[in-house]
Amino acid sequence: MRLALRQAEKAGEAGEVPVGAVAVAGGQVIARAHNQVELLKDGTAHAEMLALTQAAAARGGWRLNEVTLYVTKEPCMMCAGAMVNTRLGRLVFGCADPRSGAAGSVLTLTDQPGMLHSVPVTGGVLAEACLELIQQFFRRRRGEARAAE
C-alpha cells in the first residue's frame, strides 16, 4: 500500500485527485499507476483502470486471477466493475469512499450475487494516510479557489 500511496502523491503533484494503484503477482509489482484524468482528458483514466490494463499486458492476458491490486481509495462503480470483469484475484484498498465506493461502502459490485466473479476485498489498509492525502489535496484546492475569488 505504501507504493500505491507514492503513486497517489504523484497524482496530487500533477494536479490529479491523489489516488494510486499497484498490482502485484507472485510477490512482484507488475503495474503502477495514478489518476491521469486531467492529463489524458479521459474520465476513465482512474489509477485502477490504468493499473488493470498494465497488469493484463504484463501477464499476457486479461484474466487477473493471480493478481492483487492495492488502491489508496475504495474503487468507484466503473473500476469495481472492471475488477470483476478482469477476474481480479484480490482487492486491497486504503480509505473508504462513502459517496461512491463500490466495494462495500455504497455498493458492493465486487461481490454482487449472480455475477460471474467475486473479488475478495480487504479495506482500511493505511486508511488514515490515504484519507489524509485526499483531504489535503481538496483543502488546497478550496484554498486556491477562495484566493481566486
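Located above this text is the structure these notes cover.
Cut-offs used in this document
Residues numbered from 1 in each chain as written. Predicted model: local features only at pLDDT ≥ 70, side-chain atom pairs only at ≥ 80, totals over all residues. Heavy atoms only, no water. Helix = DSSP H or I, 4+ residues; strand = E, 2+ residues; numbered from the N terminus. Rg over C-alpha atoms; globule rule 2.2 N^0.38 Å. Buried < 20%, exposed > 50% of the residue type's maximum accessible area, 1.4 Å probe, protein only. Polar contact = N/O pair within 3.5 Å; in protein donor to acceptor, adjacent residues only side chain to side chain. Contact = heavy atoms within 4.5 Å. Pairing = 2+ DSSP bridges. Axes fitted to C-alpha atoms, helices over the stretch in contact; angles between N-to-C directions.

Q: Quick question: what am I supposed to make of the overall build of the chain here?
A: Across its full length, the chain holds five helices and five strands. Against the 2.2 N^0.38 benchmark of 15 Å for 149 residues, the chain shows a C-alpha radius of gyration of 15 Å, consistent with a compact globule. Along the longest, intermediate and shortest principal axes, the C-alpha atoms of the chain span 50 × 30 × 25 Å. Buried residues in the chain amount to 42% of all 149 residues.

Q: I tried to follow the side chain of D97 on my own but got confused; where do I start?
A: Looking at the secondary structure, you find D97 in the loop between β4 (90–95) and β5 (121–122). Exposure remark for D97: the relative accessible area of 10% places this residue in the buried category. Separated by 2.9 Å, the side chains of D97 and S100 make a polar contact. Leave out the neighbours within four places in its chain, and D97 touches K73, E74, S105 and V106.

Q: Is there a simple way to explain the sheet that holds strand β1 (residues 20–25) in this structure?
A: Note: strands within a sheet are paired through backbone hydrogen bonds, in either parallel or antiparallel orientation. The five strands are arranged β2-β1-β3-β4-β5 in an open sheet whose pairing can be described as mixed. Edge positions in the sheet fall to β2 (28–34) and β5, since each of these pairs with one other strand and no more. Two elements, β1 and β2, share six bridges in a ladder whose sense is antiparallel. The partner of V24 across the bridge, within β2, is V29. Contacts from helix α1 (residues 2–13) reach β1, β2 and β3 (67–73), with the element oriented near 150 degrees to β1. Sitting on the sheet, helix α3 (residues 47–59) is in contact with β1, β2 and β3, with an inclination near 145 degrees to β2.

Q: Mind showing me how you'd approach the pairing of β1 here?
A: Looking along a regular strand, one sees the side chains alternate between the two faces of the sheet. The buried fraction of β1 is high, at six of six residues. Here β1 shows a buried face lined by G20, V22 and V24 and a second buried face lined by A21, A23 and A25. With antiparallel pairing between neighbouring strands as the criterion, β1 and β2 make up a hairpin whose turn holds two residues, including G26 at a positive phi of roughly 60 degrees. Bridge count for β1 against β3 is five bridges, and the pairing is antiparallel. Paired with A21 across the two strands is V71, which belongs to β3.

None of the figures reported here should be taken as evidence of function without further support.
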